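An overview of the molecular structure
The primary structure of each chain is shown beneath.
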Amino acid sequence: MLTLLANIVKLTSMRFEKIEDLATQPVNPALWISLGASVSGCLMGITVAFSASAIADMDNDYFVKPPTVDQKMWFSAMPALVSLVSGLLFGRLVNLIGKKHSLMLSAILYFTGYSVIAYSKDFILLFVGRAITGLGLGLTCLSLSPYISEVSPTRHRGKFASIMQLQIQVGILIINMMGVFYLQFRWSAMATSCIAIINLVFMAIIPETPRWLVSKGRISEAEKVLFKLMQQDNDLVQEELEVLQRERSRTEGSGEDIGTVPFSSAQNLKPLLIMAMIMIFQQLTAINAVCRTILVLLI
């Protein structure tokens with residue numbers, strides 16, 4: 001018994017020593033960069049859940065003609081429909097201009113869409129605003145997760161990738177809290193436009209991913225970014241740079257680019273089917289309905 005207690009005390013002291021060591025370590029620059037970029041995830045969450053509080057408030061708004069039930073349903077579904085199409089079309093654009101500029105473009109789309117919603121006088125403009133935010137949603141889905149993965153150190157990549165999902169939930173929480181406090185949907189749209197401006201400023205400050213820079217032959221710029229991400233460890237920088245250059249050489253040697261390979265090719269078909277089945281089974285569990293029901297019960 002005494003031996004067991006001694007071992008517990010020893011393990012506990014080791015755990016506290018690890019926590020103290022972690023607290024004294026400098027924060028990885030990739031974490032700050034990932035947090036700055038993940039504001040786009042917050043906008044994703046707001047866009048997905050925006051209609052929940054907005055539809056309830058529309059009957060009290062000063063529209064020329066009150067919206068019908070069908071119009072409200074279309075208003076709710078518009079971003080999902082548009083993002084489905086834009087997600088298929090924007091792949092080449094992301095490869096062309098990079099993840100950073102894609103996220104900057106998505107921030108501009110969010111700002112434009114929510115500004116249109118905030119100042120709309122009829123339901124047509126509401127549809128236009130929601131469609132524009134749907135374009136931003138599709139572009140963010142394509143850009144944000146790869147951006148965080150490409151700037152994250154290998155040993156922290158899984159943890160940093162979860163920041164996106166966390167920010168999506170934060171966005172859903174923010175827009176629902178606006179509804180709880182009876183904030184009129186036009187003011188909610190204006191507040192979201194301000195978040196989009198913050199996102200644009202963050203994306204203007206943080207760097208492009210080293211992988212994209214190497215793929216475009218901008219080796220010196222990629223080395224500078226890696227030098228910041230690897231906390232000025234020159235050996236790690238050169239090692240990662242060599243890996244990225246080998247990947248670029250292999251891609252150029254094959255004569256194919258991931259953005260131009262068809263979905264039916266062996267290279268893309270298996271991962272595409274796996275991802276699609278994960279999403280399908282996730283939705284078949286009706287998890288969204290469960291989360292919204294829980295939210296209603298809590299409110």
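Our structure's up above, just so we're on the same page.
What you see is a predicted model, and the numbers here were worked out from it, not measured in a lab.

Digging into a nonpolar patch on the surface
- Nonpolar side chains collect at one region of the surface, where Phe111, Ile197, Ile198, Val201, Phe202 and Ile205 lie side by side and expose about 540 Å² of accessible area between them.
- For the nonpolar patch, the leading source of residues is helix H8 (residues 185-205), giving five residues.
- Within the secondary structure, Ile197 is located in helix H8.
- Its relative accessible area of 41% is what places Ile197 among the partly exposed residues.

Examining the pattern of salt bridges
- Per the counting criterion, the structure on display carries two salt bridges.
- Among the salt bridges present, the one from Lys99 reaches Glu150, with a minimum N-O distance of 3.1 Å. Residue Lys99 is found in helix H5 (residues 91-118), and its partner Glu150 is found in helix H6 (residues 123-151); the two are separated by 51 residues along the sequence. Like Lys99, the residue Glu150 is buried in the burial classification.

Some thoughts on the packing of aromatic side chains
- Tallied over the entire structure, the rule returns four aromatic pairs.
- For the ring pair Phe50 and Phe75, a centre distance of 6.5 Å and an interplane angle of 50° mean the geometry is tilted. Of this pair, Phe50 sits in helix H3 (residues 39-58) while Phe75 sits in helix H4 (residues 69-89), placing them 25 residues apart in sequence.
- Residue Phe75 is classed as buried on the basis of its relative accessible area, which comes to 0%.
- Its guanidinium or amino end placed over the ring of Phe75, Arg130 lies 4.8 Å from that ring's centre, counting from NZ or CZ.

Overview of the packing of H3 against H8
- Put simply, H3 and H8 touch, their axes get as near as 10 Å, and they point 175° apart. Taken as axis vectors, H3 and H8 run roughly antiparallel relative to one another. Side by side, H3 and H8 meet where Val39, Ser40, Leu43, Ile46, Phe50, Ala54, Asp57 and Met58 of the first sit next to Phe185, Ser188, Ala189, Thr192, Ile195, Ala196, Asn199 and Phe202 of the second.
- Each residue belonging to the contact of H3 with H8 can be placed in one class, and the counts come to eleven nonpolar, four polar and one charged.

Conventions we followed
- Positions within a chain are numbered from 1, following the residues in the order the chain's sequence is written.
- Thresholds applied to this predicted model are a pLDDT of at least 70 for local features of residues and 80 or more for the giving and counting of side-chain atom pairs; totals over whole chains, interfaces and linings are not thresholded and use all residues.
- To obtain the side-chain values, all non-hydrogen atoms of the structure were included, while hydrogens and water were left out.
- Patches in this entry comprise residues that are over 30% relatively accessible and not in a salt bridge; like charges within 9 Å are linked, as are nonpolar side chains (Val, Leu, Ile, Met, Phe, Trp, Tyr) within 5 Å.
- Computed with the Shrake-Rupley method and a 1.4 Å probe, the accessible areas treat only the protein chains shown as cover for residues.
- Just to be clear on terms, a salt bridge is a Lys or Arg side-chain nitrogen sitting within 4 Å of an Asp or Glu carboxyl oxygen.
- Helical segments are the DSSP runs of H or I of at least four residues, strand segments are the runs of E of at least two, and each set is numbered from the N terminus.
- We call a residue buried when its accessible area falls under 20% of the maximum for its residue type, exposed when it is over 50%, and partly exposed in between, using a 1.4 Å probe and counting protein chains only.
- Only Phe, Tyr and Trp rings are paired, with Trp represented by its six-membered ring, and only when their centres lie within 6.5 Å; those with planes under 30 degrees apart are stacked, over 60 edge-to-face, the remainder tilted.
- Charges are assigned to positions over rings by a cutoff of 6 Å between ring centre and Lys NZ or Arg CZ, combined with an angular limit of 35 degrees from the ring normal.
- Interaxial angles span 0 to 180 degrees and are taken between N-to-C directions of axes, which are lines fitted to C-alpha atoms, for helices over the stretch in contact.
- Should an angle fall under 35 degrees it is called roughly parallel, over 145 degrees roughly antiparallel, and 65 to 115 degrees roughly perpendicular, with every other angle called oblique.
- Contacts: residue pairs with any heavy atoms within 4.5 Å of one another.
- Ten residue types, Ala, Val, Leu, Ile, Met, Phe, Trp, Tyr, Cys and Pro, are classed as nonpolar, four, Asp, Glu, Lys and Arg, as charged, and the remainder, Gly among them, as polar.

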